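One-letter residues, chain by chain:
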Amino acid sequence: MPATGTAEIPGILRHMAALTAPSSKLETLATGTRWGEGPAWLPAAGRLRWSDIPNDRILEYAPDTGRTTVHRTEAGFVNGRTLDAAGAVVHCSHGRRAVERETATGVATIVDTWDGKRLNSPNDVVVGPDGAIWFTDPPYGILSDRQGHVAEPEYGGCYVFRHDERTGRTTPVVTDMVHPNGLAFSPDGRTLYVSDTSVLHRPAGHHHIRAYDVTPDGTCERGRVLAEISPGCPDGLRVDEEGRIWTSSGSGVQVLGPDGARLGEIPVPEVVSNVCFGGPDLYITGATRLYRIRIRVPRR
Ligand code: MG
């Protein structure tokens, strides 16, 4: 898959001068995905790993060479990913309906059931400040064979779960959303942000980000709508060190303050699925392309 070089998008810095470098341009790094998702920066390898879910493969982009390589095929319809405290990749598999850890020696299941029933299709994951694994479980990997395998939901909801690897316990922490999808913590760990991508779901679809207070014992309280995102809906999101939320949308990357106020947008010429910070850059997965833009905010 060839890289396609730098492409300048008119109007890219609309409202964003304070957050992006003065000469920032949106670069197209790779093309050819059918639904890109799950970007994560691997600092030890100096590579950006992401998913091409319908093609059931995992890709990597190397900034030093500008080359994209296929990391894994027949990957299990992997979606979102993050790194654990040891730097290992933790990702979500639609195909195996599981959250897994991938290391140099292979892929191991972390959690694939709750209360004796299979998960739907874990979508996105983050390691919380408490060291536990927090993940969302909407149904997109079991609704069709495009991003997984058609199957019946087993526990009758779409929850956000907290999985504590020390105890082996898996606990629903958010149960009042339709299709929870992207998730991220505030820098102090006291607020959890979760996007809802059920905009096309009937009768109660949403396209908003909800915020929850996180208690010291790892439960979530006082859920409220932080921001409605349009066009499209918010899918993956990340939070920088100063608490700004960088969220996907139908028109680009929207940047929100911790209070949900819209600070600006990086227009992208297709639907954006997710974002991640990597070195001095923001990486952006669109439906068919991987993008990058230089930013100048503290990130994590
Ligand atoms: Mg997602």
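Residues numbered from 1 in each chain as written. Predicted model: local features only at pLDDT ≥ 70, side-chain atom pairs only at ≥ 80, totals over all residues. Heavy atoms only, no water.

Asks: So what about the packing of aromatic side chains? Which residues, and what values?
Replies: For any pair of aromatic rings, geometry is given as the distance between the ring centres together with the angle between the planes. Taken as a whole and assessed by the stated rule, the structure comprises 10 aromatic pairs. Ring geometry for Trp-114 and Tyr-155: centres 5.6 Å apart, planes at 85°, overall edge-to-face. Highlighted residues: Trp-114 in strand β10 (residues 113–114) and Tyr-155 in the loop between β13 (133–136) and β14 (160–164), separated in sequence by 41 residues. Each ring, one from Trp-114 and one from Tyr-159, has its centre 5.9 Å from the other, and the planes form 70°; the classification is edge-to-face. One end of the pair, Trp-114, is in strand β10; the other, Tyr-159, is in the loop between β13 and β14, and 45 residues separate them in sequence. (Phe/Tyr/Trp six-rings, centres within 6.5 Å; stacked < 30°, edge-to-face > 60°. Helix = DSSP H or I, 4+ residues; strand = E, 2+ residues; numbered from the N terminus.)

Asks: Please set out the sheet that holds strand β22 (residues 252–256) residue by residue, giving values where relevant.
Replies: Neighbouring strands of a sheet are bound in pairs by backbone hydrogen bonds; such pairs are parallel or else antiparallel. Here four strands make up an open sheet; going across it, the order is β20-β21-β22-β23 and the pairing antiparallel. A strand with exactly one partner marks an edge of an open sheet, and here the two such strands are β20 (237–239) and β23 (262–267). Neighbouring strand axes in the sheet, compared pairwise and without regard to direction, differ in orientation by 20° on average. Both β22 and β23 contribute to a ladder of five bridges, which runs antiparallel. The residue of β23 that forms the bridge with Val-253 is Ile-266. (Pairing = 2+ DSSP bridges. Axes fitted to C-alpha atoms, helices over the stretch in contact; angles between N-to-C directions.)

Asks: Outline the pairing of β14, listing residues and values.
Replies: The buried fraction of β14 is high, at five of five residues. Along β14, one buried face is formed by Val-160, Arg-162 and Asp-164 and the opposite face, lined by Phe-161 and His-163, is buried too. Examined bridge by bridge, β13 and β14 share four bridges and lie antiparallel to one another. Bridging across to β14, Thr-136 finds its partner in Val-160. Inspection of the sheet shows β14 paired to strand β15 (residues 169–174) by five bridges, in the antiparallel sense. (Buried < 20%, exposed > 50% of the residue type's maximum accessible area, 1.4 Å probe, protein only.)

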